[in-house]
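Notes for the structure review
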Amino acid sequence: MQPIRLVLAATEEDYIEPFLQYIRCSEFERRVVVTAFSRKEALWKYIEKAPDEMDAVLGETSFREGWQGKLREGAPWIELREGGYSGREGRSGLGVSKYQPLSRLLAEIEEMIRGRRETAGNEGRTTLIGVISAAGGSGKTTVSIQLARQFASEGKHVIYISLESLQSNISSDGKEEIEAEGRPGLARLLYDLKAAEEKHQKPRYPISHYVYRNAFLRGDAFPALYNLNEMKELERSDVVALLKFIIESRSYDAVIVDTDSIPDLRIETLMERADQLLWIVGENRIILDKTIKWLAFLERTNPGLYNGIIGKSLFVANRTTGEGLLTLPEKNIPISAELPWIPAWNGSARYADIQRQAPAYQRDVMKLSRLLHENENWTAPGGRESPA
């Protein structure tokens, strides 16, 4: 995903310098490129000479006064408002509150600009990756999250989606609740998608309206759902509409979906729609046996689905001790990647602890990322069509 090219226009150097410093030291470093001006004449000259070098101008009203020129189509002027409020399109156009936490300000700008990109369309390819396991305790969610972080470190725009009935706390330190504050979330999106379908209309808001930027993931996520009924009532049509909406938004390079370990319609739908499937196994005989039984059941009862997914599946041995697990017993399916056992597994480790304590784990997640890139052409992009 290409970074947003933002032009900042502010008279105060004391505002510009902290702004640029924050970009350099935050998760926005790869997502936003800023060119700053403190003088009106220099800004005007830059816009006239390089109109295609920006996605938006973020500037004080005084910089616009007296200027007769126009920005290129699709590159809005976003007003830095000192009145302490932000807003969407209004009488004075787009605007954000100048004095607010920069993380929130930049998230608002990103939503505005990426929302416009979604409306205009994006020719980039979105890869849908499903992470599944036949048993709990395999470390499936950890793999999903670490893979999302790895993709983000490569400059990709990523969204992590949990379809688990009981959802995990991503960073386990409470920060995500603060970051997610005010976001409508997954339940509201599903409601809006149904309402739009009933009216034969397109959804009113872009995906960026519902998600929040998770600092630990370095990507987007939905606020966690704590109402179990909201997930229990999720139907196949809901999952199809959700994945279709996110993929067709063209807002992400990768969509990583984490699921329950109990086979249900959510997992079956993900299997059909995913470009790539990661089956998380390990040296635990229980998980291996359940994986073999699950595959055998699929092959016997739904051969169409089985044949459709087996060619886009990678089997990943997580929490291995290095003894060498080369194939999935009885199915003669090769293990494509191994992720090591680390000391953090012994306790109730937070995902951040795993990140700090396990350079070997990060190394092998990087290898897994490369393997996924090498196999991106296995299936049609976006998993848009279900098997017959």
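To be clear, the structure that these remarks concern was listed above.
What you are looking at is a predicted structure, and each value in this text was computed from that prediction instead of being measured. (Residues numbered from 1 in each chain as written. Predicted model: local features only at pLDDT ≥ 70, side-chain atom pairs only at ≥ 80, totals over all residues. Heavy atoms only, no water.)

1. Topic: the pattern of salt bridges
Going through the model one piece at a time under the given rule, you end up with 20 salt bridges. Across the pair K194 and D238 runs a salt bridge whose closest N-O atoms are separated by 3.7 Å. A residue pair is termed long-range when its members are at least 10 positions apart, and K194 in helix α6 (residues 185-198) and D238 in helix α8 (residues 236-248) qualify at 44 residues. Note on K194: relative accessible area 40%, which makes it partly exposed. The closest approach of N and O atoms between R285 and D289, which form a salt bridge, is 2.8 Å. Of the two residues, R285 and D289 are both situated in helix α10 (residues 285-301); the distance of 4 residues between them amounts to about one turn of the helix. On the basis of relative accessible area, R285 is assigned to the partly exposed category, the value being 42%. Judged by its relative accessible area of 27%, D289 falls in the partly exposed class. When salt bridges that share partners are traced, they join E12, E60, E82 and K98 into one network. (Salt bridge = Lys/Arg side-chain N within 4 Å of Asp/Glu carboxyl O. Helix = DSSP H or I, 4+ residues; strand = E, 2+ residues; numbered from the N terminus. Buried < 20%, exposed > 50% of the residue type's maximum accessible area, 1.4 Å probe, protein only.)

2. As for unusual backbone geometry
Phi at H200 is positive, roughly 55°, even though this residue is not glycine. Looking at the element boundaries, H200 is found in the loop between α6 and β8 (212-214). The phi dihedral of R250 falls on the positive side, at around 55°, and the residue is not glycine. Within the element layout of this structure, R250 appears in the loop between α8 and β10 (254-258).

3. A word on the sheet that holds strand β4 (residues 77-81)
Sheet strands line up and pair through hydrogen bonds in the backbone, either parallel or antiparallel. On the basis of which strands lie adjacent, the open sheet formed by 5 strands has the order β2-β1-β3-β4-β5 and parallel pairing. One side of each edge strand has no neighbouring strand; the edge strands of this open sheet are β2 (32-37) and β5 (95-97). The sheet shows a mean angle of 25° between the axes of neighbouring strands, direction not considered. For β4 and β5, the ladder comprises 3 bridges, and the chain directions are parallel. Paired with L80 across the strands is V96, a residue of β5. (Pairing = 2+ DSSP bridges. Axes fitted to C-alpha atoms, helices over the stretch in contact; angles between N-to-C directions.)

4. As for the packing of aromatic side chains
One pass over the structure, following the stated rule, counts 6 aromatic pairs. Between F37 and Y46, the aromatic rings sit 5.1 Å apart at their centres with planes inclined by 45°, giving tilted as the arrangement. Geometrically, the ring pair formed by W279 and F315 is stacked, given 5.7 Å between the ring centres and 20° between the ring planes. With W279 in strand β11 (residues 276-281) and F315 in strand β12 (residues 313-320), this residue pair connects regions lying 36 residues apart in the sequence. Taken together, the aromatic side chains of Y15, F19 and Y99 make up a single cluster linked through ring pairs. A cation over an aromatic ring shows up here: K98 above the ring of Y15, its NZ or CZ 5.0 Å from the ring centre. One cation-aromatic arrangement involves R149 over F216; the distance from NZ or CZ to the ring centre is 4.3 Å. (Phe/Tyr/Trp six-rings, centres within 6.5 Å; stacked < 30°, edge-to-face > 60°. Lys NZ or Arg CZ within 6 Å of the ring centre and 35° of its normal.)

5. Comments concerning the sheet that holds β11
Spatial ordering of the open sheet is given by β8-β9-β7-β10-β6-β11-β12-β15, a layout of 8 strands whose pairing is mixed. Lying at the two open borders of the sheet, with one neighbouring strand each, are β8 and β15 (337-340). Neighbour-to-neighbour, the strand axes of this sheet turn through a mean angle of 30°, independent of strand direction. Sheet topology note: the β12/β15 ladder contains 3 bridges and is parallel. Across the sheet, V316 pairs through a bridge with A337, a residue of β15. Sitting on the sheet, helix α13 (residues 359-374) is in contact with β6 (127-132), β11, β12 and β15, with an inclination near 160° to β15. (Contact = heavy atoms within 4.5 Å.)

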